[in-house]
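# Structural overview
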Amino acid sequence: MTVAAPISIRELADPKWMSSVEDLDFIARCVVEGVVNGLHRSPYVGFSVDFASHREYSSGDDLRHLNWKLYGRHDRLYIKQYEAETNVDLHIVLDVSSSMTASNDGLTKLRYALLLSASLARLAARQRDAVGLILFADTVLEHYSARGNSDHLLQLLSALARKRPHPSADSPRGLHEAAELMPRRGLVVLISDLYYESAELFAAVDHFSHFGHDVLLFQVLSPLERHLPIDGAVKLVDAETGTVLETLAHEIRASFETAVEKWINEIHTGCQARNVEHVCITTDVPLEVALVNYFAKRALLF
Amino acid sequence: MLGLNLIHAGFLVAGLAAALPVLIHLLFRQRTRTVSIGSLRFLHEVVKEHRRRRRVRQWLLLSLRVLAALLLALLFCRPYLDRSHLIGLEQDVVMLLDRSASMQARDASGETALTRGIAAIREELSRLDDNAIVHLAAWDSAGITEMPVDQLRNTTATAAATDFGLGLGWARDILSTSDRSTRRIVLVTDMQRSGLPRAPLERLSENVELVVHDVGDPMPKNIAIESADALRTELRPDSQVTVRVVVRNHGPLPVKNVKATCAVESMSKERFTVEREFSLAGRGNTVLDFPLPLQSDGLYKGKVSLAVDDALSHDNARWIAFEARHPDRVLLVDGQEGSSIFSNETYFLETALRLRTEEIVGQLQSFEPERIAWEAGKGFPRLDGYRAIVLANVRRLSDSDGERLEEFLRGGGSLLIFAGDQVTAESLSTLHQRGLLPGSVAEEPVEGRRRVDRWDTKHAALACFSDPQQGDLRRLEFHRLLPLEQLEGDSVELLGCGNLIAAAERRVGSGRCVYIGTTVDRDWTELPRTPMYVPLMRQLVAHLSDQLSDRAAVIHRTVSKTGEAVGIARAKDEEGRWVVTNADPRESALARITEDELHKLVGTQQIPTSAEALSMAGVKLPEGSSRTDEIWTVLVWLLFAVLATETFLAGRIHA
């Protein structure tokens, strides 16, 4: 288990810590801006439903939201603006178990997941949605209830940036605990590598659904875990258990990929059956690209 | 068992290259990278499945690489398949090594033909597989000695001659009982033509192969003593004992001033040496006489030798032994002296006994007859110097005469009595009363022509006449006969006419008495006019003087038994005789028979001795020679197959 020092007031004042928070926030902001600019349609559609006011049309706005009546009356283009749906909470449930810390070249899954979490939090904050955060491993490690103020966002970002221990987790018990901590209906975004038994995973998903949550699964895998893109003799160390396995990577690659794809498909199929979205991303794909692709796909659904 | 042999066995060291793949694997094996992964969940499943397959593949790959290295090393060794062991299972081989005297001949390097022959046998043995049946024998005219292979080096040349008929006949008999398909006779000889028998050689079976190894060397020069015999071994004042030697030059070139020496020694160690010098034309012969000034009776032994350096040394000397003695004195008592010498009663007998051939070889039959006229009334002289006394038509004998004769007979002398007009039963009564006569003599002679119709064919004196070619005693005819009426004691009948006993013999003490019922001259018989007379009389007198059997002191023979050596030795019987053994003179001949001629004589084909035939027999050829049974092509294809499989497998493993 990876162990990090406990967070204290003193550490919070540490410039390095502050730097890491700013760094995470900066990256998340860049990602969000990139996502927003990259989409042809406003991302607000995903999180807002009630009309609020009008504003003048600017380049890039969705033409579907033009108020043609006003155009006919005033000969000017106005875009309808909608009130944010404040009763939809975003619950980010982030897996920080040791399997997420598997470190090789490039980003770790944990860092990728942290950035993804921060980006989503910032997107939600931008829509003035309440955002909550649950960090879990074998159990819930930290819980931040969903709130909509900016201080809370900073708090979440700080929580994400903080170093902490990463206990191993061999079952989704922490997910069940998280579900119990979120009785209020909302959107649950689960970010994990999902190294659980499928039945246990779906039981946890069902647990979230039981409370009326919409569930979105972000499965984050490293390229190594998905394609094993290395050759020769390798000593593979299980980040969870420390178990070592020596093999010739090129020999087992095909079988490994097949097995992994089968596993992912199994999860995907199970999610579809539960009307749960499942997005599998690898850490070699830039985060903004992954998010753009996701939101573009999601927009097609609406 | 696959008989795989190597021409360049030294390249087997290159087989160490089989360790190269292992070495390369150890030296250049990939370093293991340590990689952290979220979960080994799927890897465990996949690796478990692949591990066994991978291990099999890797071992297979290593084996292929090692095999490729070994094949490459083996290829350099130039392997070939030795199928001789298969051939050996069907082979029955008789190896005949000529050990006759001529095999002692040395070539320019001083090596004997026998040494070359042993080497040839060893070479033949080395070509044979252990499964082949081998009968190894040394052979000459004296016999065949089968021997184990390890006794081969102990084989020595004998003094016997060559006899192809004997050796090939023995081999043929052995192979005729063999059930193997390949039957072969390996004949190692110097191809001496004298080894061919007078009768044609018996042909070998069609399925018998004959391999001839001619180890002889054409010999340009050989001077040989063909014979050495003692002539005139009787000691007479008018002549000397002579040893006659026949020397033959078997070579084409003449020889000059060759020294020949005859050296004999008496039993009392008295030595006599005579030397002669002679020259001989090519392929000529000469007779050398060596007169010896011998004076005393007794046995003499020694040898005749030539001082010459030629190819064959065994025939440069010849052993001789002989008995020299004065002739036997025979007293002829003439009972009816004639008016002239020719009309004497004993004229024909004396003449027959005095006959002396010019050169007599071998056993003596010499007599010194002394005649006395009985009617002169002087009686017998001293009888102790005589071997035999002949009474021819003696009218009367006094008691004292009978007493002296009995004493003479019992002392070992012999008496021969002939009938005649003056002989009656009464005139011989003195002898009859003393038990000296073989039987009682008839009162009156029997008139009328009668022929001998029976005789003792086993009698020492008459046995030679059992062969009609040497004289038929049935031609003996009498017109008057004074027979014996009845045989007495241990007397035996010698001649018979119908129911009449014409001649008989009786042993008296150590002597013998023979009675013949006819005259010794022509009065009662025409025997003196027939050719039978001289031999019959001499045989009878020789028998009575013990010249026919007991006194043959020397036996001459040629080597005829296995292991027999030349020289002079005492006979193994108790007679005290000497045996002179010499080499067979036929072995001195230089004429040689060709291999083709021998094959024609025995009806076989010449076995090819080409490199191919030798190769098929599994013979090791010199390095660099090409062989038809090399298997490098098979190895090359095998190597290609191994390398192709290795490449394919390696591609699969490392892909």
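All of these numbers come straight from a predicted model, not from anything done at the bench.

Conventions adopted
- Residues numbered from 1 in each chain as written.
- Chains lettered and ligands numbered in written order.
- Predicted model: local features only at pLDDT ≥ 70, side-chain atom pairs only at ≥ 80, totals over all residues.
- Helix = DSSP H or I, 4+ residues; strand = E, 2+ residues; numbered from the N terminus.
- Buried ≥ 20, exposed ≤ 12 C-beta atoms within 10 Å, placed from the backbone.
- Contact = placed C-beta atoms within 7 Å.
- pLDDT = per-residue confidence, 0-100.
- Nonpolar A, V, L, I, M, F, W, Y, C, P; charged D, E, K, R; others polar.
- Pairing = 2+ DSSP bridges.
- Axes fitted to C-alpha atoms, helices over the stretch in contact; angles between N-to-C directions.

As a further point, take the overall build of chain A. Looking only at helices and strands, chain A features ten helices and ten strands. Sorting the 302 residues of chain A into buried and exposed places 36% on the buried side. Expressed as a percentage of contacts within chain A between residues at least 6 apart in sequence, the contacts between residues at least 24 apart total 78%.

This paragraph deals with the confidence of the model for chain A. Across chain A, pLDDT averages 79, with 78% of residues at or above 70. Low pLDDT, under 50, characterises residues 1-19 of chain A; the stretch is placed with 20 contacts to residues that sit more than four places away or in other chains.

Residues and elements named next belong to chain B. One non-glycine residue, Arg-78, lies in the positive phi region at around 50°. Following the sequence through the fold, Arg-78 ends up in the loop between α2 (41-76) and β3 (79-81). Exposure remark for Arg-78: the 20 C-beta atoms within 10 Å place this residue in the buried category. The phi dihedral of Asn-257 falls on the positive side, at around 50°, and the residue is not glycine. Looking at the secondary structure, you find Asn-257 in strand β11 (residues 255-266). C-beta crowding within 10 Å serves as the criterion here: with 8 such atoms nearby, Asn-257 is assigned to the exposed category.

This brings us to the interface of chain A and chain B. As a measure of interface size, the accessible area lost when the parts come together is often cited. Taken together, the 33 residues of chain A in the interface contact 22 residues of chain B. Residue assignment for the side of chain A that touches chain B shows that the elements contributing at least two residues are α8 (223-227), β8 (233-238), β9 (244-248) and α9 (249-273) of chain A. With eight residues, the top contributor of residues to the side of chain A that touches chain B is α9(A). Class assignment of the residues belonging to the side of chain A that touches chain B gives a composition of 16 nonpolar, nine polar and eight charged. Here five bridges tie β8(A) to strand β2 (residues 33-37) of chain B, and the two strands are oriented parallel to one another. Bridged to A:Lys235 within β2(B) is B:Thr34.

In this section: the sheet that holds strand β14 (residues 298-307) of chain B. Residue and element names in this part refer to chain B. In space, the four strands of this open sheet follow the order β12-β11-β14-β15, with antiparallel pairing throughout. Looking along the sheet, the strands with just one partner apiece sit at the ends: β12 (271-280) and β15 (317-324). Pairs of neighbouring strands in the sheet enclose a mean axial angle of 20°, with direction left out of account.

With that out of the way, let us pick up the sheet that holds β8(A). The sheet built from three strands is open, its strands ordered β9(A)-β8(A)-β2(B) with mixed pairing. Here the strands that pair on one side only, and so sit at the sheet edges, are β9 of chain A together with β2 of chain B. Each strand of the sheet is rotated relative to its neighbour by a mean of 30°, with strand direction disregarded. Across the sheet, α9(A) touches β8 and β9 of chain A, and the angle it forms with β9(A) is around 100°. Lying on the sheet, α2(B) is in contact with β8 and β9 of chain A; it crosses β9(A) at an angle near 50°.

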